[in-house]
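Chain and residue survey
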Amino acid sequence: MDIRKVIVIGAGQMGSGIAQTAAVTGLETVLHDVRLDIVERGIANIAKSLAKFVEKGKMTAEERDAALSRIRPSDNFENARDCDLAIEAVVENLAVKSTIFKSLDSVMPAHAILASNTSSLPITELAAFTGRPSQVIGMHFMNPVPIMKLVEIIRGLQTSDSTFEAIENLAKQMGKVPASCQDVPGFISNRVLQVMINEAIWCLYEGVATPESIDTIMKLGMNHPMGPLALADLIGLDTVLSILEVLQNGYGDPKYRPCPLLRQYVKAGWLGRKSGRGFYNYQ
């Protein structure tokens, strides 16, 4: 299948990064959100990101301008009517995502693929909200999308070989390295990562060490580029909590139980970088 036009649902950090990557690849890209001012803010962030690539000599000003010209704003699902692929990148909430998938399924052409950037929710369940379950797949990008090479591709129970091959080829076209896994809670990336992050939060909760010490030990001792608490702040503590709850519910294993300190921070609105405060202060 030849994918030429894509609509990205969600103009936040992940959605904007996916839209940027698609546009740089040469795809006609629609960036969609519930309000146009949110989309325009996302496009402005894309422009800032591309400017950094130009400054570092990784692309020319002409290439930047060409990429930006391929991005069109949207606040209406009707703009998905001529798209070959939709990539959903909204809040990690099944009810919200299922509503979006229903809407996209009703307007997109019969050949179109519906992909989700979900980091933990079941692809098979999302597919059940559509009339095209064989054309639904997980396409989990890593943050920051324009820099990170991995795309985790998740096959639902009914995902067809042709759908998988189309998304695998697209990931390669985008300059990414695709890695596939089955549709299990948390997939591979978050099934492993979130246990480490949660354990780091437990260490902080129990007074074992400061955030700085915990992160330094993991960076210098385990050669991680970023410590688990700083990474949690980057991901968003509300997202970390949602993923851990999916893992706990999906496996019924107490090892996935979210640390009470994480719940407390989320209730306080300390969500990490996006709110200005998490395990570190960004204000």
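These figures come from a predicted structure and were not determined experimentally. (Residues numbered from 1 in each chain as written. Predicted model: local features only at pLDDT ≥ 70, side-chain atom pairs only at ≥ 80, totals over all residues. Heavy atoms only, no water.)

Quick notes on the domain arrangement of the protein
According to the domain assignment, the protein consists of domain 1 (5-182) and domain 2 (189-274). Each of domain 1 and domain 2 has a C-alpha centre, and the two are 26 Å apart. Between domain 1 and domain 2, the contact holds nine residues from the first and six residues from the second. Our enumeration of links across domain 1 and domain 2 arrives at three residue pairs in polar contact (both at pLDDT 80 or more). (Domains from an automatic or database assignment. Contact = heavy atoms within 4.5 Å. Polar contact = N/O pair within 3.5 Å; in protein donor to acceptor, adjacent residues only side chain to side chain.)

Quick word on the sheet that holds strand β2 (residues 28-32)
The eight strands lie next to each other as β3-β2-β1-β4-β5-β6-β7-β8, forming an open sheet whose pairing is mixed. Here the strands that pair on one side only, and so sit at the sheet edges, are β3 (71-74) and β8 (177-182). Here the average twist between neighbouring strands, direction ignored, is 25°. When strand β5 (residues 113-116) meets strand β6 (residues 136-141), the two strands line up parallel, connected through three bridges. Among the inter-strand pairings, Ser116 is bridged to a residue of β6, identified as Gly138. Relative to the sheet, helix α4 (residues 94-107) contacts β1 (5-9), β4 (85-88), β5 and β6, its axis offset from that of β5 by approximately 165°. (Pairing = 2+ DSSP bridges. Helix = DSSP H or I, 4+ residues; strand = E, 2+ residues; numbered from the N terminus. Axes fitted to C-alpha atoms, helices over the stretch in contact; angles between N-to-C directions.)

Considering the pairing of β6
Consecutive residues of a regular strand have side chains that alternate between opposite faces of the sheet. Across the six residues that make up β6, a large majority, six, are buried. Alternating residues of β6 divide into Val136, Gly138 and His140 and Ile137, Met139 and Phe141, and every residue in both groups is buried. Relative to strand β7 (residues 150-155), β6 runs antiparallel, the two sharing five bridges. Within the sheet, the bridge partner assigned to Ile137 lies in β7 and is Arg155. (Buried < 20%, exposed > 50% of the residue type's maximum accessible area, 1.4 Å probe, protein only.)

Brief notes about the UniProt feature "domain: 3-hydroxyacyl-CoA dehydrogenase C-terminal" (unreviewed entry) in the protein
Within the UniProt annotation, "domain: 3-hydroxyacyl-CoA dehydrogenase C-terminal" (unreviewed entry) is assigned to residues 186-282. Secondary structure over residues 186-282 splits into 63% helix and 0% strand, and the C-alpha atoms at its two ends are 28 Å apart. (UniProt positions renumbered as here; feature names shortened; annotations may be inferred.)

Describing the pairing of β4
Taking every second residue as pointing to the same face, both faces of β4 are buried, with Leu85 and Ile87 on one and Ala86 and Glu88 on the other. Where β4 meets β5, four bridges bridge the pair, whose relative direction is parallel. Bridge pairing in β5 places Ile87 opposite Ala115. Handedness of the β-α-β unit built from β4, α4 and β5 comes out right-handed. (Right-handed = clockwise from strand over helix to strand, strands pointing away.)

Things to note about the pattern of salt bridges
The final tally for this structure, using the stated rule, is eleven salt bridges. Among the salt bridges present, the one from Asp37 reaches Arg35, with a minimum N-O distance of 2.8 Å. Residue class for Asp37 comes out partly exposed when judged on its relative accessible area of 37%. The partly exposed category is assigned to Arg35, whose relative accessible area is 44%. The partner of Arg64 in a salt bridge is Asp65, and the shortest N-O contact between them spans 3.1 Å. Taking the relative accessible area as the measure of exposure, Arg64 reaches 23% and is therefore partly exposed. Residues joined in a network through salt bridges with shared partners are Glu88, Glu92 and Lys97. (Salt bridge = Lys/Arg side-chain N within 4 Å of Asp/Glu carboxyl O.)

Considering the UniProt feature "domain: 3-hydroxyacyl-CoA dehydrogenase NAD binding" (unreviewed entry) in the protein
Feature annotation in UniProt places "domain: 3-hydroxyacyl-CoA dehydrogenase NAD binding" (unreviewed entry) on residues 5-183, given in this structure's numbering. As annotated, residues 5-183 comprises 41% helix and 22% strand, and the C-alpha atoms at either end are separated by 26 Å.

Some details on a positive patch on the surface
Together, Lys48, Lys52, Lys56 and Lys58 line one region of the surface with positive charge. If you trace the backbone, Lys48 turns up in helix α2 (residues 36-55). (Patch = residues over 30% accessible without salt bridge, like charges linked within 9 Å, V, L, I, M, F, W, Y side chains within 5 Å. Areas by Shrake-Rupley, 256 points an atom, 1.4 Å probe, with all protein chains shown as cover. Lys, Arg positive; Asp, Glu negative; His and termini not counted. Charge placed at Lys NZ, Arg CZ, Asp CG, Glu CD.)

Regarding the packing of aromatic side chains
In total, this model carries four aromatic pairs according to the counting rule given. Ring centres 5.7 Å apart and planes at 75° place the aromatic pair Trp202 and Tyr205 in the edge-to-face group. Residue Trp202 and its partner Tyr205 are both found in helix α7 (residues 189-205); the two are separated by three residues, about one turn of the helix. Take Trp202: its relative accessible area is 15%, and that puts it in the buried class. Counting every residue linked through ring pairs, the aromatic cluster contains Tyr265, Trp270 and Phe279. (Phe/Tyr/Trp six-rings, centres within 6.5 Å; stacked < 30°, edge-to-face > 60°.)

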